Amino acid sequence: INSKDATAQGNLGLALKLAGRLQDALKVLEGALALDPNSSKNEFCRGQVLVKLKRLDEAVMAFRRTLELRPDDPAAYQFLGQTLSDLGRLEEALRAHEKALELQPDQADHYGNIAGTLCYLKRHSEISPFVETALRLQPGHQVALLSRIDALLAAGTHDPGSIKRATRLGMG
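Residues numbered from 1 in each chain as written. Predicted model: local features only at pLDDT ≥ 70, side-chain atom pairs only at ≥ 80, totals over all residues. Heavy atoms only, no water.

Student: Sorry, what's going on with the environment of Ala115 here?
Tutor: Its location among the elements puts Ala115 in helix H7 (residues 108-120). Once the C-alpha coordinates of Ala115 and Glu126 are considered, the two residues, 11 residues apart in sequence, prove to be 8.0 Å apart. Excluding its chain neighbours within four sequence positions, the residues that come into contact with Ala115 are Ile127, Phe130, Val131 and Ser147. (Helix = DSSP H or I, 4+ residues; strand = E, 2+ residues; numbered from the N terminus. Contact = heavy atoms within 4.5 Å.)

Student: Would you mind going over the side chain of Gln48 with me for this structure?
Tutor: With respect to the helices, strands and loops of the structure, Gln48 is situated in helix H3 (residues 40-52). With residues up to four places along the chain from it excluded, the contact list for Gln48 reads Lys17, Phe63 and Phe79.

Student: Would you mind showing me how to read the layout of surface pockets here?
Tutor: If a probe the size of a water molecule is rolled over the atoms, the empty space left behind becomes visible. Taken as a whole, the largest pocket spans an internal volume of roughly 270 Å³. Taken together, 14 residues make up the lining of the largest pocket; nearest its centre are Gly116, Thr117, Tyr120, Val143 and Ser147. Mapped onto the lining of the largest pocket, the elements with two or more residues apiece are helix H5 (74-86), H7 and helix H9 (142-154). With five residues, H7 is the single largest residue contributor to the lining of the largest pocket. Here the residues of the lining of the largest pocket sort into four nonpolar, seven polar and three charged. (1 Å grid on protein atoms, 1.4 Å probe; cavity = no way out; pocket = protein on both sides within 12 Å on 5 of 7 lines; lining within 4 Å. Points joined across faces, edges and corners; volume = space filled by probe spheres on them. Nonpolar A, V, L, I, M, F, W, Y, C, P; charged D, E, K, R; others polar.)

Student: Can you walk me through the nonpolar core in this structure?
Tutor: Membership of the largest hydrophobic core comes to 22 residues, with the highest contact counts inside it found for Val49, Leu50, Phe63, Leu67, Tyr77, Leu80 and Leu84. When neighbours within four sequence positions are excluded, Tyr77 is seen to be in contact with Leu67, Pro71, Ala96, Lys99, Ala100 and Leu103. Listed in part, the 14 residues of the second largest apolar core include Leu94, Ile114, Leu135 and Ala151. (Core = buried A, V, L, I, M, F, W, Y, C linked by side-chain atoms within 4.5 Å. Buried < 20%, exposed > 50% of the residue type's maximum accessible area, 1.4 Å probe, protein only.)

Read these as geometric descriptors, not functional statements.
Given below as structure tokens:
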């Protein structure tokens, strides 16, 4: 591989990431970004590697940089939202998930991520439309089902039959 070719380096970084060689992948991706700092693909992949390495603050910066380079990337917003959520920055996570949904309204995961984040924020009364849409788009969507159960429990619905029915309804 040509060490001066940012695309080839990025592809190697991706292959190393997929092989689980995360430290090597990070080193190669950072080298690729030194050659081409405007590669959104390499920055996004770097963010994913940083998440796997549990370097979440750095991952947030990588996903934000990806969005500077490619502002209409729903996947970058989704990963940003998940990473912010892992950091406990829930309001920011919610905004990132909402932007992902705005850009890709037919993706069940975006609705599920919003429902899950609303649950973490204890805003259970707001999750229903997101749960229902996620389950319509993808019956059995796990995050949506868990959010539905969490909302029932928060509302004081501890009847196991109600929870069973709510789960069964989501299974399509």
